Amino acid sequence: MNIDTDFSIDDLTLIKYLKSVDSPFLPKIQEVYGQVKDILNSRVQHVFPNYTLHNTGHSFRIMEYMSKLVSDYTKLSELEIALLIYAALLHDIGMAVSEDDITAIKTDAFPFCDVKFSAMKKIMGGDESLAMQEYVRRIHASLSGRYIRENLKDKLVIPKLTSLDFAKELALICEGHTEDYDWIENKLRSNEVRGDYSFNPQFIATILRLADILDIDSNRTPHNLYKLISPKGKSDDEWKQHFVILNNEKIVTNERTQQKKIVFHGKATNASIHRKILIYISWVKNELTNATALVNGMQAQYSLVYDTTPEINIQTEGYSFSDYKMTLEFRAISSLLMGEKIYGSKSLGLRELIQNSIDACRLRQESDEIKHEFGQDAFKPKIKVILDQEKNQAIIKDNGIGMSMEIIKKHFLNIGVSYYNSDDFLLKDFNYKPIGNFGIGFLSCFMLSDEVKVLTRHYKSKNKYLIELERGNEWTSLTETEDVLFEGTEVILNFKNFMDVFDNKSEGVKKFLDTYFLTDGIEFALVDKTVEKIGSINNPIIISTPLDKGLVKIDLQDYLKEIEGYALIKNKSSFIKKFEELDFIGELYKYDDEDGLLPVEDFANLEIDDYINGKELKYLTIPLVESHLENDFLSGMKFTGDDVKEVLEKLDRELKWISVIVPKEYQGSLSSEELDNRDYIFDKLTFEDLEALGHSSSCITKTSVNTITLFEGRKNNLYLPFDKTDRDNGFFYIRPEKRKELFMRSVLIKDFRFNIPILASIFEIQTIVANINSRKFIPDISRNNVDTKAKDMINYIIGKAIHIGATNVLTLGVDEKTTLQNFIAEFYSDKTDYEK
């Protein structure tokens with residue numbers, strides 16, 4: 001479909017100029033144009049059916065913008081004009097990937113990029129077509145550079161000096177249109193020479209970037225084509241964005257000052273689209289600012305005399321729009337995010353830094369394992385906390401993956417922009433799932449120190465970066481040096497500030513490190529240079545010491561995916577086979593309307609099934625205040641203002657207690673209530689009956705309804721007692737033998753409490769140590785806990801694993817094991833994604 005019939009390359013300003021000076025570059029330009037014309041007009045649209053046009057029409061408009069953006073194109077060398085034309089033609093040629101490339105991409109075998117198509121497809125919800133478009137879009141500038149180097153080197157030559165080519169520079173110019181200005185300064189020079197021609201690659205790359213972003217108007221997205229193609233998703237937003245701009249001529253010159261300005265006229269019928277346009281125009285402003293800064297100081301022919309603030313004239317239809325926008329005050333926000341209000345304790349700033357080191361080391365380890373060759377030494381993760389009083393430094397050092405300039409600028413220096421949640425990271429599809437999630441954790445280092453220095457080198461780069469930061473100040477310094485010997489990242493803190501948080505005791509630092517991190521597979525040490533002592537941090541999830549007598553271990557990873565650890569359990573009680581094995585409070589009585597209240601003296605005549613409703617046996621407990629306690633009781637009532645419950649609790653151990661069982665049909669009417677000498681419970685169970693058992697007539701009492709929960713194995717012969725909540729609820733890290741801790745990616749979630757919802761009472765859980773590696777579980781912003789939904793799920797899956805494990809590690813009879821398995825099938829019936 002030829003959609004650019006109004007355009008001819010011979011009509012373009014820069015081509016006309018080269019013709020007017022009889023440039024020897026023209027024949028090769030025409031030859032290259034002939035080679036790529038059909039590729040741009042057909043192949044790109046085949047791969048990108050739903051994207052805005054990146055065809056020759058787009059290239060032609062860019063050439064026209066180029067001629068207007070430069071101060072005077074006649075002052076440029078013929079080679080520079082040729083490079084402008086080539087850059088306009090070829091910067092998007094990488095979008096036209098071949099069928100062979102597509103096949104390699106789909107099988108994750110494309111050697112040109114470390115992004116995995118399978119990961120892209122996952123991010124795009126399984127849409128293969130959209131995934132392919134997004135995959136190629138991300139790397140198309142690099143692919144354009146590859147196309148130039150591999151296919152055009154023999155054409156991109158100096159006339160009459162065909163051994164001299166400029167393919168390398170042109171490839172980098174085209175690659176630069178998706179990079180930033182630091183990349184352009186580092187990769188390209190401002191002065192190159194080929195034969196008799198000099199040229200400025202930095203300037204050419206700058207003009208390409210500016211011209212490319214100005215091609216946004218109705219020419220870019222013809223309305224009929226928009227309706228015909230009906231693009232969806234991200235491309236749909238881009239088409240709409242392009243369509244509201246009305247003016248083709250966007251570069252206006254002030255005749256008096258000769259200063260140029262970018263002007264936009266447009267119409268919007270939707271506030272959301274209007275906002276997108278303003279975001280786009282902000283992008284234009286940033287480009288202009290960076291471009292003018294880059295060319296400042298270059299020779300006169302490269303000057304860009306521009307008002308860097310574009311003029312915006314957008315008419316609104318159907319809504320009003322203001323110039324006001326939401327802003328964030330750095331000092332206030334950073335103070336909020338780096339303070340104890342979120343984390344609860346200044347010491348937890350160290351947790352945030354160490355977990356960053358753990359993430360970096362694990363990612364480096366996985367990267368190295370992929371490329372590891374037989375005979376090479378395996379990568380060994382190392383983390384050190386170094387205390388150096390003489391230099392007034394506390395250093396957290398790791399040999400992890402490090403940070404590149406791109407990561408520093410896009411993520412590290414952008415508060416709230418997590419690298420680990422970005423497409424840049426997710427598309428690498430690591431198996432290891434970092435704990436970092438919100439992009440604010442590093443700010444917590446200011447709870448430990450007022451000044452912070454960060455030294456880092458990405459393991460694939462030769463350059464090291466020094467970042468210097470100060471509490472409450474948004475300005476940073478960034479220094480780049482070449483240092484291939486430096487590994488990983490160092491965070492350098494003020495020693496005095498740091499030690500104040502830990503009461504100026506290195507033992508406090510060590511205790512913190514020993515508590516908060518699992519160290520399996522990591523060489524972790526605390527180095528105290530003041531006393532020349534190196535303390536190993538050793539907190540493995542693997543038990544290396546013999547178990548105490550009676551304890552048995554359940555390995556959670558035997559039953560769960562992406563969760564490792566163990567539980568230690570021991571026998572607590574037996575299955576219930578007879579009524580007399582049930583545990584009641586005090587002396588046991590039974591009641592029915594025929595015989596009234598009678599003591600249970602012979603259990604042989606009692607059948608459990610007669611007293612159990614479903615899985616519950618409800619009964620009453622009644623405290624009896626005997627005569628010798630009468631005065632104490634009455635005094636207590638007077639002192640507490642007749643608070644019966646409080647007085648009974650204080651006299652608990654001295655009271656006589658009785659339990660009363662009733663047939664199951666009576667249990668629905670049981671209730672907890674106060675009783676005096678005028679009250680009764682049932683027709684034949686009155687206050688007088690309690691007096692007959694020794695209760696004082698002057699004292700009231702209070703009945704309580706208790707429940708025994710039983711799961712039936714064999715009617716009247718085998719029952720599994722169970723609790724609906726863990727009786728150890730609320731217990732957390734008191735003694736080593738009672739250790740109950742949840743870690744996520746080896747970092748302690750300190751406020752999490754295990755509360756197994758349904759627990760068989762035949763065993764007691766002494767210890768739970770679980771480490772969740774699944775990215776589906778994310779701590780809250782404080783990293784001290786998880787939300788309620790996650791809590792419930794974690795307790796459910798750990799509880800289920802422990803019960804299944806118990807069927808394998810406890811000594812049970814055949815019927816007992818079957819009963820426990822049936823119990824699991826009923827109460828843990830939901831199948832989760834975490835079970836093996």
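Residues numbered from 1 in each chain as written. Predicted model: local features only at pLDDT ≥ 70, side-chain atom pairs only at ≥ 80, totals over all residues. Heavy atoms only, no water.

Peer 1: Which residues make up the overall build of the chain, and what values go with them?
Peer 2: Per the secondary structure count, the chain includes 25 helices and 31 strands. Relative to the compact-globule value of 28 Å for 836 residues, the chain shows a C-alpha radius of gyration of 38 Å, a clear excess of over 25%. Projected onto its principal axes, the C-alpha positions of the chain cover 125 × 70 × 55 Å. Across the 836 residues that make up the chain, the buried fraction comes to 51%. Once local pairs closer than 6 in sequence are excluded, the contacts in the chain between residues at least 24 apart make up 72%. Counting only carbon and sulfur atoms, one obtains 47% of the accessible surface of the chain, whose full area is about 40100 Å². The chain carries 105 positive and 132 negative side-chain charges, and their two centres are separated by 5 Å. (Helix = DSSP H or I, 4+ residues; strand = E, 2+ residues; numbered from the N terminus. Rg over C-alpha atoms; globule rule 2.2 N^0.38 Å. Buried < 20%, exposed > 50% of the residue type's maximum accessible area, 1.4 Å probe, protein only. Contact = heavy atoms within 4.5 Å. Areas by Shrake-Rupley, 256 points an atom, 1.4 Å probe, with all protein chains shown as cover. Lys, Arg positive; Asp, Glu negative; His and termini not counted. Charge placed at Lys NZ, Arg CZ, Asp CG, Glu CD.)

Peer 1: With reference to specific residues and values, describe a negative patch on the surface.
Peer 2: On the surface, D642, D643, E649, D652 and E674 cluster together to form a negatively charged patch. You can see D642 is positioned in the loop between α21 (630-640) and α22 (644-650). (Patch = residues over 30% accessible without salt bridge, like charges linked within 9 Å, V, L, I, M, F, W, Y side chains within 5 Å. Salt bridge = Lys/Arg side-chain N within 4 Å of Asp/Glu carboxyl O.)

Peer 1: Can you tell me about the sheet that holds strand β17 (residues 563-571), naming the residues and giving the values?
Peer 2: Read from one edge of the open sheet, five strands run β16-β17-β31-β28-β29, paired in mixed fashion. For this open sheet the edge positions go to β16 (552-555) and β29 (747-748), each flanked by a neighbour on one side alone. In the sheet, strand β28 (residues 740-744) pairs with strand β31 (residues 763-772) via five bridges, with the strands oriented parallel. The residue of β31 that forms the bridge with E741 is V769. With respect to the sheet, helix α24 (residues 788-809) is in contact with β16, β17, β28 and β31, its orientation differing from that of β31 by roughly 125 degrees. (Pairing = 2+ DSSP bridges. Axes fitted to C-alpha atoms, helices over the stretch in contact; angles between N-to-C directions.)

Peer 1: An account of the pairing of strand β12 (residues 473-482) is needed here, citing residue identities and associated values.
Peer 2: Bridge count for strand β11 (residues 463-470) against β12 is seven bridges, and the pairing is antiparallel. Each bridged residue has a counterpart across the sheet, and for I467 the counterpart in β12 is L478. Hairpin connection of β11 to β12: two residues between the antiparallel strands, including G472 at a positive phi of 80 degrees.

Peer 1: Outline the side chain of T709, supporting the account with residue identities and numerical values.
Peer 2: With respect to the helices and strands, T709 occurs in strand β26 (residues 704-714). Accessibility expressed as a relative area gives 10% for T709, which makes it buried. Setting aside residues no more than four positions away along its own chain, T709 makes contact with K615, E616, L720, P721, F722, D723 and K724.

Peer 1: Go over the sheet that holds strand β21 (residues 656-661), please, and point to the residues and values.
Peer 2: What the seven strands build is an open sheet, ordered β19-β18-β21-β20-β26-β27-β30; its pairing is mixed. Of all strands in the sheet, those bounded by a partner on one side alone are β19 (596-599) and β30 (759-760). In this structure, strand β18 (residues 587-592) lies alongside β19, joined through four bridges in antiparallel fashion. Bridge assignment links Y591 to a residue of β19, and that residue is L597.

Peer 1: Before we move on, could you go through the packing of helix α7 (residues 128-151) against helix α8 (residues 167-175) and cite the residues and values that matter?
Peer 2: As a packed pair, α7 and α8 sit with axes 8 Å apart at the nearest point and diverge in direction by 165 degrees. The angle between α7 and α8 falls in the class roughly antiparallel. As for the relative orientation of α7 and α8, their crossing is right-handed in sense. Facing α7, whose interface residues are A141, S142, G145, I148 and R149, α8 presents A167, L170, A171, L172, C174 and E175. The residue inventory of the contact of α7 with α8, partitioned by class, reads seven nonpolar, two polar and two charged. (Parallel < 35°, antiparallel > 145°, perpendicular 65-115°, else oblique. Left-handed = near helix turned anticlockwise from the far one by under 90°. Nonpolar A, V, L, I, M, F, W, Y, C, P; charged D, E, K, R; others polar.)

Peer 1: If you had to explain the state of the cysteines to someone new, which residues and values would you point to?
Peer 2: Tallied over the full model, the rule gives zero disulfides. With no disulfide of its own, C113 lies 18 Å from the sulfur of C174, the closest cysteine sulfur. (Disulfide = S-S within 2.5 Å.)

Peer 1: An account of the nonpolar core is requested, with residue identities and associated values reported.
Peer 2: Counting residues in hydrophobic clusters, the biggest one holds 105 residues, and the most contacted among them are L513 and I798. Setting aside chain neighbours within four positions, we find I798 in contact with L556, L560, I563, F754, I768 and A770. With 103 residues, the next largest nonpolar core counts A82, M95, I213 and I216 among its residues. (Core = buried A, V, L, I, M, F, W, Y, C linked by side-chain atoms within 4.5 Å.)

Peer 1: Please provide a residue-by-residue account of unusual backbone geometry, values included.
Peer 2: Even without a glycine there, the phi angle at D429 is positive, about 55 degrees. Secondary-structure assignment places D429 in the loop between α18 (423-426) and β10 (451-457).

Peer 1: Can you explain the packing of helix α2 (residues 26-47) against helix α3 (residues 56-69)? Please cite residues and give values.
Peer 2: Relative orientation of the contacting elements α2 and α3 amounts to 120 degrees, with a least axis distance of 9 Å. Classed by the angle they form, the pair α2 and α3 counts as oblique. Between α2, through Y33, K37, L40 and N41, and α3, the contact on the second element is made entirely by T56, S59 and F60. Classifying every residue of the contact of α2 with α3 gives three nonpolar, three polar and one charged.

Peer 1: Describe the pairing of strand β2 (residues 161-165), and please don't skip the residues or the numbers.
Peer 2: Inspection of the sheet shows strand β1 (residues 157-158) paired to β2 by two bridges, in the antiparallel sense. When the sheet's bridge partners are listed, V157 is paired in β2 with D165. Between the antiparallel neighbours β1 and β2 lie two residues, among them K160 with a positive phi of about 70 degrees.

Peer 1: How would you sum up helix α1 (residues 13-20)? Please name residues and give values.
Peer 2: Of the positions making up α1, those classed as buried are L14, I15, Y17 and L18. The buried residues of α1 occupy an angular sector of 160 degrees when projected down its axis, which confines them to one face. Next to the buried residues of α1 lie α2, α3 and α4 (78-90). Backbone geometry just after α1 places D22 at a positive phi near 50 degrees. (Arc of directions from axis to C-beta.)

Peer 1: Now, about the pattern of salt bridges: what can you tell me, with residues and values included?
Peer 2: Across all of its chains, the model carries 50 salt bridges by this definition. E352 is the salt-bridge partner of R783, the closest N and O atoms lying 2.7 Å from each other. You can see R783 sitting in the loop between β31 and α24 and its partner E352 sitting in helix α16 (residues 348-371), a full 431 residues away along the chain. Pair check on accessibility: R783 and E352 agree, each one buried. One connected set of salt bridges, linked through shared partners, spans R138, E406, K410 and D424.

Peer 1: Mind laying out the packing of aromatic side chains, listing which residues take part and the relevant values?
Peer 2: Enumeration according to the criterion identifies 35 aromatic pairs in this entry. Both rings, one in F579 and one in Y611, keep their centres 5.5 Å apart while their planes meet at 75 degrees; by these two values the pair is edge-to-face. With F579 in the loop between β17 and β18 and Y611 in the loop between β19 and β20 (616-624), the pair connects residues that are 32 residues apart, well separated along the chain. Side by side, F579 and Y611 carry an identical accessibility label, which is buried. (Phe/Tyr/Trp six-rings, centres within 6.5 Å; stacked < 30°, edge-to-face > 60°.)

Peer 1: I'd love a proper account of helix α5 (residues 99-106), names of residues and values included.
Peer 2: Every α-helix carries 3.6 residues per turn, so stepping three or four residues along brings you back to the same face. Inspection of α5 places D101, I102, A104 and I105 among the buried residues, and these make up the whole buried set. Buried residues of α5, seen end-on, are gathered within an arc of 165 degrees and therefore sit on one face of the element. Where the residues of α5 are buried, they touch α2, α6 (117-123) and α7. D108 lies just past α5 and shows a positive phi near 55 degrees.

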